[in-house]
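One-letter residues, chain by chain:
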Amino acid sequence: MVAGGAVTADVGRIPVMVPWLGEEEAQAAADAVRSGWVAQGPRVAEFERAFAARVGAGHGVAVSSCTTALHLALTVLGVGAGDEVVVPSLSFVATANAVRYTGAVPVFADVDPRTANLTPQTVDAVRTPRTRAVLLVHQGGVPADADGMRAACARWGVPLVEDAACAVGTSAGGRPVGSGALLAAWSFHPRKLLTTGEGGMVTTDDAQWAARMRRLREHGMNVSAAERHAAGKPVLEAYLETGFNYRMTDIQAAVGLVQLGKLSEMVARRRELAARYEKLLADIPGLEPVRDPAYGEGNFQSYWVLLGEDFPVGRDELLAVLSDAGISARRGIMAAHLEPAYAGHPAGPLPVTELISGRSLILPLFHTMTEAQQDRVVDALRDAAVTR
Ligand SMILES: *Cc1c(COP(=O)(O)O)cnc(C)c1O
């Protein structure tokens, strides 16, 4: 999924994404190794506090991925067999899979054509008396209208979980995504902005949920290994419920702390490159680039363009043309309901989902991308638009 780093990338080929990692991260990881404490410990605790503060949440619970973060968030809400959870089909498949882990059924709702995110209207269209939660994705780092969805969910009496896997550094209404969220789940996979190799986090303002998620990520233990170590005398732990091993390591958290310090710079650079793409692509007919909604500012974790009916080349052909020109692009956001894992799964009409997943592609955008590289991408798109 992730192109090789700048050092190993084949010269001249433009990758779709490269994590922005340097000596500082390498040093932090080495320090964690040398400290002898490599599993979940003090660095994880520090990363949780710093990350939660950055996204405006009271508590952070670090875990192994956003997928496991989503599973824990749904678990503390009590979602289980016999329940339905409304999710977008237009998302990475982990969003829907996390619902299935609990025994509940993901119910797919369509998305808004401009933001590619759920809206109160699309959720209302598939909501039933069995709906136990709504899972709102901030897709590709484009902020969903969380205020609108929170208000709708409050009216319906249904809790809202936010899948903010892609959205670290994204803001809406002048506040970071995550601020005011009941439960938000984050990813630190290298395809996102801030990376720890693998990793995730749940943020919430609810101290009791945070405490339960801390337990659940560590086998259901009532006292963590780090706390037992710090106690300096024998502490007998108890296993209060069936938990999981969803822990993050201190090596990962050490890297995450350095990455967090670079986040504002990462977002600023991506926004700068996105604005430049928008300007350069403006005179190519039939290409509609992703944009900020009126109420917020995205981090452009994925920079996608939608191909209009009048674009002379189909999406898959365009991906091949770009690949021949040494440019790694990707198909746009997937639609889970079209994958074999969800064959036969009940789904209503999802016309916008199918339009976006079928006719969009993700262009290269990474921190160290040069203007010359960006120009090459735009030139290849322009050639495809006029010469076919
Ligand atoms: C990447 C992604 C996930 C999964 O994140 P992991 O950390 O790889 O588990 C979940 N939801 C969305 C919307 C994503 O983009």
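Within every chain, residues take consecutive numbers counted from 1 along the sequence as written. Only residues with pLDDT of at least 70 are given local features in this predicted model, and only at 80 or more are side-chain atom pairs given and counted; all residues enter the totals for whole chains, interfaces and linings. Calculated side-chain values reflect all of the structure's heavy atoms, with hydrogen atoms and water omitted.

**Notes on the site of the ligand**
Thought 1: Around the ligand, the structure places 14 residues, and the nearest of them are C66, T67, D163, S187 and K192.
Thought 2: Two N or O atoms form a polar contact when they lie within 3.5 Å of each other; inside protein one atom must be a possible hydrogen donor and the other a possible acceptor, and for residues adjacent in sequence the pair counts only when both atoms belong to side chains. Within the contact set of the ligand, an oxygen atom lies 2.5 Å away from a side-chain nitrogen or oxygen of T67.
Thought 3: One nitrogen or oxygen atom from the side chain of K192 is found 2.7 Å from an oxygen atom belonging to the ligand.
Thought 4: For the purposes of this entry, the term helix denotes a DSSP run of H or I that reaches at least four residues, the term strand denotes a run of E that reaches at least two, and both are numbered from the N terminus. For the shell around the ligand, the secondary-structure elements that each account for two or more residues are helix 3 (66-76) and helix 4 (94-101).
Thought 5: Charged residues are taken to be Asp, Glu, Lys and Arg, nonpolar residues to be Ala, Val, Leu, Ile, Met, Phe, Trp, Tyr, Cys and Pro, and polar residues to be all remaining types, Gly included. Tallied by class, the residues present in the shell around the ligand amount to 6 nonpolar, 6 polar and 2 charged. Distances are taken per atom, and a residue is near a molecule or strand as soon as one of its heavy atoms is within 4 Å of it.

**Side note on the UniProt feature "active site" (unreviewed entry) in the protein**
Thought 1: UniProt positions are given in the numbering used here, feature names are shortened, and annotations may be inferred rather than shown by experiment. Within the UniProt annotation, "active site" (unreviewed entry) is assigned to K192.
Thought 2: Position of K192 relative to the elements: it lies in the loop between strand 8 (183-187) and strand 9 (200-204).
Thought 3: Classification of residues uses two cut-offs on accessible area relative to the type maximum, computed with a 1.4 Å probe and protein chains only: under 20% is buried, over 50% is exposed, and between them is partly exposed. Under the relative-accessibility criterion, K192 is labelled buried at 11%.
Thought 4: Not counting chain neighbours up to four residues away, the residues in contact with K192 comprise M17, A165, C166, S187 and Q301. Whether two residues are in contact is decided by their heavy atoms, any of which lying within 4.5 Å being enough.

**Re helix 3**
Thought 1: Of all 11 residues in helix 3, 11 are buried, a share of seventy percent or more.
Thought 2: Where helix 3 is concerned, the buried positions are C66, T67, T68, A69, L70, H71, L72, A73, L74, T75 and V76.
Thought 3: The opening residue of helix 3 is S65, an N-cap whose side-chain oxygen sits 3.2 Å from the backbone nitrogen of T67.
Thought 4: Looking one or two places after helix 3, you find G78, whose phi comes out positive at around 80°.

**A closer look at the packing of helix 1 (residues 23-35) against helix 9 (residues 250-261)**
Any two packed helices are characterised by how steeply their axes cross, that is the angle between the axes, and by the distance between the axes.
Thought 1: One way to put it is that helix 1 packs onto helix 9 with a least axis distance of 8 Å and a crossing angle of 150°. Of the possible angle classes, the one that applies to helix 1 and helix 9 is roughly antiparallel. Helix 9 is crossed by helix 1, and the crossing has right-handed handedness. Contacts between helix 1 and helix 9 involve E24, E25, A28, A29, A32 and V33 from the first element and D250, I251, A254, V255, V258 and Q259 from the second. Axis angles are defined between N-to-C directions and span 0 to 180 degrees, where every axis is a line fitted to C-alpha atoms and, for a helix, only to the segment in contact. Any angle that is under 35 degrees is reported as roughly parallel, and any over 145 degrees as roughly antiparallel; angles of 65 to 115 degrees are reported as roughly perpendicular and all others as oblique. In this scheme, a crossing is called left-handed if the near helix is turned counterclockwise away from the far one by less than a right angle; it is called right-handed if the turn is clockwise.

**Topic: the sheet that holds strand 8**
Thought 1: The mixed open sheet is built from 7 strands, whose spatial order is 1-9-8-5-4-2-3. The open sheet is flanked by strand 1 (59-63) and strand 3 (105-109), the only strands paired with a single partner. Taken pair by pair, the neighbouring strands of this sheet meet at an average axis angle of 25°, ignoring direction.
Thought 2: Along the sheet, helix 2 (residues 42-54) makes contact with strand 1, strand 8 and strand 9, crossing strand 1 at roughly 130°.
Thought 3: Helix-sheet contacts for helix 6 (residues 146-156) involve strand 4 (131-137) and strand 5 (160-163), and the interaxial angle to strand 5 is about 155°. Any two strands with at least two DSSP-identified bridges between them are counted as paired.

**Focus on unusual backbone geometry**
Thought 1: Residues other than glycine seldom take positive phi values, yet A116 does so here, at roughly 65°.
Thought 2: Looking at where A116 falls in the secondary structure, it is placed in the loop between strand 3 and helix 5 (120-124).
Thought 3: Judged by relative accessible area, which is 2%, A116 ranks as buried.

**What to know about the packing of aromatic side chains**
Ring pairs (aromatic) are described by centroid distance and by the angle formed between their planes.
Thought 1: Note on ring pairs: Phe, Tyr and Trp rings are taken, using the six-membered ring of Trp, and paired if centres are within 6.5 Å. Classes follow the plane angle, with under 30 degrees stacked, over 60 edge-to-face and the rest tilted. Under the defined criterion, the tally for this structure stands at 8 aromatic pairs.
Thought 2: Here the aromatic rings of F244 and Y246 are separated by 4.8 Å at their centres, their planes lie at 5°, and the arrangement is stacked.
Thought 3: In this structure F244 comes out as partly exposed when scored by relative accessible area, which is 24%.
Thought 4: Relative to Y303, the ring of Y277 has its centre 4.8 Å away and its plane inclined at 20°; by these criteria the two rings are stacked. Taken together, the residues span a long stretch of sequence, with Y277 in helix 10 (residues 263-281) and Y303 in strand 12 (residues 303-307) at a distance of 26 residues.

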